[in-house]
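Here is how the chains run, residue by residue.
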Amino acid sequence: MILTFKNPAFLVEMKTDEIGMKGYMVELSSCVAAWISALQVEVVKQRMQMYNSPYHRVTDCVRAVWQNEGAGAFYRSYTTQLTMNVPFQAIHFMTYEFLQEHFNPQRRYSPSSHVLSGACAGAVAAAATTPLDVCKTLLNTQESLALNSNITGHITGMASAFRTVYQVGGVTAYFRGVQARVIYQIPSTAIAWSVYEFFKYLITKRQQEWRASK
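Structure report, in brief. Every value quoted in this text rests on a predicted model; they were computed, and no experiment measured them.

**Brief notes about the packing of helix α3 (residues 78–103) against helix α4 (residues 111–128)**
Their axes nearest at 8 Å, the elements α3 and α4 cross at an angle of 145°. Relative to α4, α3 is oriented so that their crossing is right-handed. Listed contacts from α4 to Phe-88, Ile-91, His-92, Thr-95, Tyr-96, Leu-99, Gln-100 and Phe-103 of α3 are Ser-113, His-114, Leu-116, Ser-117, Gly-118, Cys-120, Ala-121, Gly-122, Val-124, Ala-125, Ala-126 and Ala-128. Its residues assigned to classes, the contact of α3 with α4 comprises 12 nonpolar, eight polar and no charged.

**Regarding helix α8 (residues 178–212)**
Since the α-helix turns once every 3.6 residues, residues separated by three or four places project in the same direction. Look at α8: 50 Å from first C-alpha to last across 35 residues, which is about the 51 Å you get at 1.5 Å a residue. Residues of α8 that are buried include every one of Val-178, Arg-181, Val-182, Gln-185, Thr-189, Ala-190, Ala-192, Trp-193, Ser-194, Tyr-196 and Glu-197, and no others.

**Regarding the environment of Gly-177**
Topologically, Gly-177 is positioned in the loop between α7 (158–169) and α8. Using a relative accessible area of 41% as the deciding quantity, one classes Gly-177 as partly exposed. In this structure the C-alpha to C-alpha distance between Gly-177 and Ala-127, which are 50 residues apart in sequence, comes to 9.6 Å.

Reading the values: the criteria
Residues numbered from 1 in each chain as written. Predicted model: local features only at pLDDT ≥ 70, side-chain atom pairs only at ≥ 80, totals over all residues. Heavy atoms only, no water. Axes fitted to C-alpha atoms, helices over the stretch in contact; angles between N-to-C directions. Helix = DSSP H or I, 4+ residues; strand = E, 2+ residues; numbered from the N terminus. Left-handed = near helix turned anticlockwise from the far one by under 90°. Contact = heavy atoms within 4.5 Å. Nonpolar A, V, L, I, M, F, W, Y, C, P; charged D, E, K, R; others polar. Expected span 1.5 Å × (residues − 1). Buried < 20%, exposed > 50% of the residue type's maximum accessible area, 1.4 Å probe, protein only.

Read these as layout, nothing more, since geometry by itself doesn't imply function.
Spelled out as structure tokens, the structure:
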């Protein structure tokens, strides 16, 4: 079995003989492309959400970043984003499967168990990967306080971001915003898994009815 996903909240199981290597490469390429495009949006979103942000419109933010820091500023956190997504998804899916074994061992369609398992899985994964998310945010925003404590003046990589976060606030700084991150992920993953399981149930039921009528 090959496990592929475009949206990190969804797990799609496909047989190797159904998609082949070309199909697998298309899925992988689309996933990478989605991450790259999402990085640009994330940089703009986070800079506009900063306290006392000087930007009032998306176009103003994009223009300022492009002119002052160049196109590379939109991709500073790519390595950190990729590094964060891998453990996040691993923890997310393992936790969901573990909880399903506990709450729904028969693996029947059970909306309540899907919502609960999805919410808990998202919360655990979000909390565990908060340090990487803090470093990603710092790379995207280049926050002035952190820049003042950084000798090079610009934070350009994951290692530099980790050092700067520690210099500014110590170990506890790696978990700033963990509550907000967990609260955001709980409804997100709960809804995503419940919708996925609903359509999985619906499609499977239709397929069974169609086979029975043949």
